[in-house]
Amino acid sequence: MFFLLNALGVLVVLGLIYLCSPNKAKVNWKSILKLLIVEFLITWFMLSTKIGSWVINKIASFFTWLIDCANEGISFVFPSALASEQVDFFFSALMPIIFIITFFDILSYFGILTWIIDKVGWLISKISGLPKLESFFSIQMMFLGNTEALAVIRQQLTALHENRLLTFGIMSMSCISGSIIGAYLTMVPATYVFVAIPLNCLNALLLANMLNPVHVSKEEDIVYVPTKEERGDFFSTISNSMLIGIRMVIVIAAMVIGYVALTAGVNGILGFFVHGLTIQKVFSYIFSPFAFLLGLPVDDAMYVAQLMGIKLTTNEFVGMLDLMGRIKELAPHTVAVAVTFLTSFANFSTVGMIYGAFNSTISEEKSKIIGRNVWKLLVSGMAVSLLSAMIVGLFVW
């Protein structure tokens, strides 16, 4: 019975997203079917074979190396911050952005990243039905995170129309950052974190196909290559990259502080009228039907629904900390779907981070496309997390 509920959940989420699509006639069902087949194969491969786990760990180790390099620079300026047992979010997740942007800008300067985007994007686009750049962006954000990935391709984004920019905003809700994978692994089982990463990538493409179907001509489906004059000299390029990085760090920090504070303010107002009522509890009741569709018994469903509310209104860290305290008493299926659901940045503050990234790297005018479509970003982020959790749930009982 629970397995059938879990399977039904996949169809229900897809059906609801289809109803939300403003361009239903343009939805590419063939590509969506191909993406789902690939997702089931990846989930089986990752959960049933040692090779799959080895591959993801090798990829993750590369990004861990990038973060270690970034930490060398951070510790030189702020030695006491990284020497602390509990490193602040600002230093662990935001400050590494400066080096990551610079590193990938160097690859772009020499044409390496541009070539990879073109070739890998072409392969993924054959499955996803989306253009090369959108397809490769989904791969980037598996470990780079949304703001870092947006910054890396900022030169590409400046040449795009608004309808395509919205696709990047929608997809950006479904990523994580390599800088915080280690933190996740201290709280929850690594297996489900690593399975969630590629599933979120593919589901982001799937949701973008449904919520904002984009069709471009062969002439438009290209990777923008900046001219030699636009690139400037090497040292000017990397210096500019670092300045862009610190500006983005400040913008993102402001957005996160503001949205978390707003959540606390809303909770204070709700608590004034109804004792103990919070926005997290409100969303837990809203999400409870979807928790049941994860194939969970009543008690577990209500608990996972609460985790969903916590993630949306605050962040996944708070949810994982809560889950960590109860993980030993929960069934394997409950742990699998809960961890997979929590492994992404889909929450209110992420919308602010994406808007800030667009504003600081592209232009204030173009970033308005995000402000006008906040509901699409939130729906896509939660739907991606649900689909990933439901697919993993089918393989773990």
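Notes on the structure in this doc start here. (Residues numbered from 1 in each chain as written. Predicted model: local features only at pLDDT ≥ 70, side-chain atom pairs only at ≥ 80, totals over all residues. Heavy atoms only, no water.)

1. Some details on the pattern of salt bridges
The final tally for this structure, using the stated rule, is 2 salt bridges. A salt bridge links Glu134 to Arg164; the nearest nitrogen and oxygen atoms lie 2.8 Å apart. Of the two residues, Glu134 sits in helix α8 (residues 132-140) while Arg164 sits in helix α11 (residues 162-171), which places them 30 residues apart along the sequence. Assigned by exposure class, Glu134 and Arg164 land together as buried. The closest approach of N and O atoms between Glu329 and Arg326, which form a salt bridge, is 3.3 Å. Look at Glu329 and you get exposed, because its relative accessible area is 56%. (Salt bridge = Lys/Arg side-chain N within 4 Å of Asp/Glu carboxyl O. Helix = DSSP H or I, 4+ residues; strand = E, 2+ residues; numbered from the N terminus. Buried < 20%, exposed > 50% of the residue type's maximum accessible area, 1.4 Å probe, protein only.)

2. So, the packing of aromatic side chains
The final tally for this structure, using the stated rule, is 12 aromatic pairs. The interplanar angle of 80° and the centroid separation of 6.2 Å between the aromatic rings of Trp65 and Phe103 together place this pair among those described as edge-to-face. Of this pair, Trp65 sits in helix α3 (residues 50-77) while Phe103 sits in helix α6 (residues 96-109), and the two are 38 residues apart along the sequence. The exposure class assigned to Trp65 is partly exposed, which follows from its relative accessible area of 42%. Taken together, a centroid distance of 5.6 Å and an interplanar angle of 70° make the contact between Tyr109 and Phe234 edge-to-face. Of this pair, Tyr109 sits in helix α6 while Phe234 sits in helix α15 (residues 234-273), and the two are 125 residues apart along the sequence. Here Tyr109 falls in the buried class, since its relative accessible area comes to 16%. The structure contains a cluster of three or more aromatic residues connected by ring pairs, namely Tyr109, Phe110, Phe234 and Phe235. When the ring centre of Phe341 is taken as origin, the NZ or CZ atom of Lys311, which lies over that ring, is 4.7 Å away. Over the face of the ring belonging to Tyr303 we find Arg326, whose NZ or CZ atom lies 3.9 Å from the ring centre. (Phe/Tyr/Trp six-rings, centres within 6.5 Å; stacked < 30°, edge-to-face > 60°. Lys NZ or Arg CZ within 6 Å of the ring centre and 35° of its normal.)

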